Amino acid sequence: MAFPITRLRRLRQSEQLRSMVRETRLSPTSFVYPMFVCPGEGVRKEVGSMPGVFNLSVDEAVTEAQATHSLGVPAIILFGLPEKKDELATGAWADDGIVQQAARAIKREVPKLLIMGDVCLCEYMSHGHCGIVRAARSQSLGAAVASPPAVAADYEIVNDATLELLARTSVSLARAGVDIIAPSDMMDGRVGAIRDALDHAGLANTPILSYAAKFASAFYGPFREAADSTPQFGDRRSYQMDGANLREAMREIELDVQEGADMIMVKPAMPYLDVIAAARERFDLPLAAYQVSGEYAMIEAAARNNWIDRDRVMMESLVSIRRAGASIILTYYAKDAARLLA
Ligand SMILES: [Zn+2]
């Protein structure tokens, strides 16, 4: 039946009608609020490139966690800024690590709030990479003379040795009260290694949310300021995914599922909505997406210039992620969006 019998505008006449036929709905229960915990007391330091996002000392993080929970947001994800960094990411897996301290304090004060722990080493490594760094093997004399090594050839991010530290970190976080372990490093085999370590530590019931398809993205820029995790040399393209690859993303997810991931994530969200949609189509696990710092910063910057309507763009961006198929959204807008939805 075509026009004039069919008129799609009939159902757009009023908000009541539009609401009745709305296909995608947002709820605060989908949101996860990321928080950056730092040493000290009474610290609430705004991140320059992310207005409204703060580095918080443990006591302030507890207050923020309470506020988040009271808005109906069910979960937070914790990132840490340690006192000291080293070559073994000690701060990531130490019992008194900054995220471990925050998890214990938040569990005590806001027991019903789910705590996710981001598992990566970059925030705790002096060089800012997500794995152990080793000087690359020296080339043969002939090859070295023919092509002097570029910077990228001078070092290697060691995969298998890194797994041990990731596993140790995961067990330590779970023991401190973290409910869900979320590895974001993109080393091969890390989900399996973490599952194995958790199970052997008597933590068989701790779920893993894998950052399964995490792309090497320029949209992470502001996060590196927030988490003080900029690599001191090189970049992350030898472990994070090439943004051009959808089929490889499916292989990454598939492997993580085989290794025991309970939930999967695509990161970033907006530039990779097609990847979210493809993952939804193909896999039956709960699917998360991370609306990253650059997505947030772009909206905030444009809004500050009065170039866009902040709240409407915020909600539209979240709806697009939900419509693409993600049922869990990690977003710096969790609290603001929850307020609007109330
Ligand atoms: Zn990392």
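Just above, that's the structure.
Our subject in this report is the structure included herewith. (Residues numbered from 1 in each chain as written. Predicted model: local features only at pLDDT ≥ 70, side-chain atom pairs only at ≥ 80, totals over all residues. Heavy atoms only, no water.)

**Thoughts on the packing of helix α11 (residues 293-304) against helix α12 (residues 310-324)**
Close contact between α11 and α12 brings their axes to 9 Å; oriented N to C, the two are set at 160°. One element, α11, and the other, α12, form an angle in the roughly antiparallel class. α12 is crossed by α11, and the crossing has right-handed handedness. Taken together, the residues of α12 that come into contact with α11 (itself represented by I299, E300 and A303) are R310, V313 and S317. Here the contact of α11 with α12 is composed, by residue class, of three nonpolar, one polar and two charged. (Axes fitted to C-alpha atoms, helices over the stretch in contact; angles between N-to-C directions. Helix = DSSP H or I, 4+ residues; strand = E, 2+ residues; numbered from the N terminus. Parallel < 35°, antiparallel > 145°, perpendicular 65-115°, else oblique. Left-handed = near helix turned anticlockwise from the far one by under 90°. Contact = heavy atoms within 4.5 Å. Nonpolar A, V, L, I, M, F, W, Y, C, P; charged D, E, K, R; others polar.)

**Considering the pairing of strand β9 (residues 209-214)**
For a regular strand, the rule is simple: side chains alternate between the two faces of the sheet. Of all six residues in β9, six are buried, a share of seventy percent or more. Of the strand pairs in this sheet, β9 and strand β10 (residues 263-267) are connected by four bridges, and their pairing is parallel. By the bridge assignment for β10, K214 is matched with K267. (Buried < 20%, exposed > 50% of the residue type's maximum accessible area, 1.4 Å probe, protein only. Pairing = 2+ DSSP bridges.)

**Examining the nonpolar core**
Ranked by internal contacts, the top residues of the largest apolar core, which has 114 residues, are F36, I76, L78, I106, I276, Y290 and L318. Filtering out sequence-adjacent residues up to four positions away, I276 remains in contact with V266, A269, L287, A289, I321, A324, G325 and A326. (Core = buried A, V, L, I, M, F, W, Y, C linked by side-chain atoms within 4.5 Å.)

**A few points about empty space enclosed by the protein**
Scanning the model with the defined rule gives three cavities of 30 Å³ or more in all. In this structure, the largest cavity spans a volume of roughly 140 Å³. What lines the largest cavity is a set of 19 residues, among which K214, Y220, F223, R236 and K267 lie closest to the centre. Its volume calculated, the second largest cavity comes out at about 60 Å³. Forming the walls of the second largest cavity are 15 residues, and the residues nearest its centre are A92, V99, D118, Y124 and L173. At the level of elements, β4 (75-80), α3 (90-93), α4 (98-109) and α6 (159-175) are the ones that each hand at least two residues to the lining of the second largest cavity. A per-class count over the lining of the second largest cavity returns eight nonpolar, five polar and two charged. (1 Å grid on protein atoms, 1.4 Å probe; cavity = no way out; pocket = protein on both sides within 12 Å on 5 of 7 lines; lining within 4 Å. Points joined across faces, edges and corners; volume = space filled by probe spheres on them.)

**Description of the coordination of the zinc ion**
As a benchmark, a tetrahedral metal site with four donors has ideal angles of 109.5 degrees, while an octahedral site with six donors has ideal angles of 90 or 180 degrees. The zinc ion binds to the protein through C120 (SG), C122 (SG) and C130 (SG); the donor distances cover 2.2 to 2.3 Å. All donors of the zinc ion come from a single chain, and their spacing in sequence reads C-x1-C-x7-C. Taking relative accessible area as the criterion, C130 reaches 1% and is therefore assigned buried. (Donors = N, O, S within 2.8 Å, 3.2 Å for Na, K, Ca; no water.)

**Section: the packing of aromatic side chains**
Under the criterion given, the structure shown has ten aromatic pairs. Summarising the aromatic geometry, the rings of F36 and F79 are spaced 5.4 Å apart at their centres and angled 25° between planes, so their arrangement reads as stacked. Of the two residues, F36 sits in strand β1 (residues 31-38) while F79 sits in strand β4, which places them 43 residues apart along the sequence. Look at F36 and you get buried, because its relative accessible area is 1%. Three or more aromatic residues link up through ring pairs in this structure, and these residues are F36, F79, Y211, F223, Y290, Y296, Y332 and Y333. In this structure, R168 is placed above the aromatic ring of W93, and the distance from its NZ or CZ to the ring centre is 4.6 Å. Across from the ring centre of Y290, 4.4 Å away, lies the NZ or CZ of K267, which sits over that ring. (Phe/Tyr/Trp six-rings, centres within 6.5 Å; stacked < 30°, edge-to-face > 60°. Lys NZ or Arg CZ within 6 Å of the ring centre and 35° of its normal.)

**Details of unusual backbone geometry**
Trans is the prevailing form of peptide bonds, just as negative phi is the prevailing case for residues other than glycine. A cis amide bond links F3 with the next residue in sequence, P4, at an omega value of 10°. Cis geometry is found at the peptide bond from K267 to P268, where omega equals -10°. You can see P268 is positioned in the loop between β10 and α10 (273-282). Positive phi is not limited to glycine here, since A89 has a value of about 55°. Tracing the chain through its elements places A89 in the loop between β4 and α3. Residue class for A89 comes out buried when judged on its relative accessible area of 0%. If you check the backbone angles, N306 has positive phi at about 60° while not being a glycine. Among the secondary structure elements, N306 is positioned in the loop between α11 and α12. When its relative accessible area of 70% is taken as the criterion, N306 is described as exposed.

Taken by themselves, the reported measurements are silent on function.
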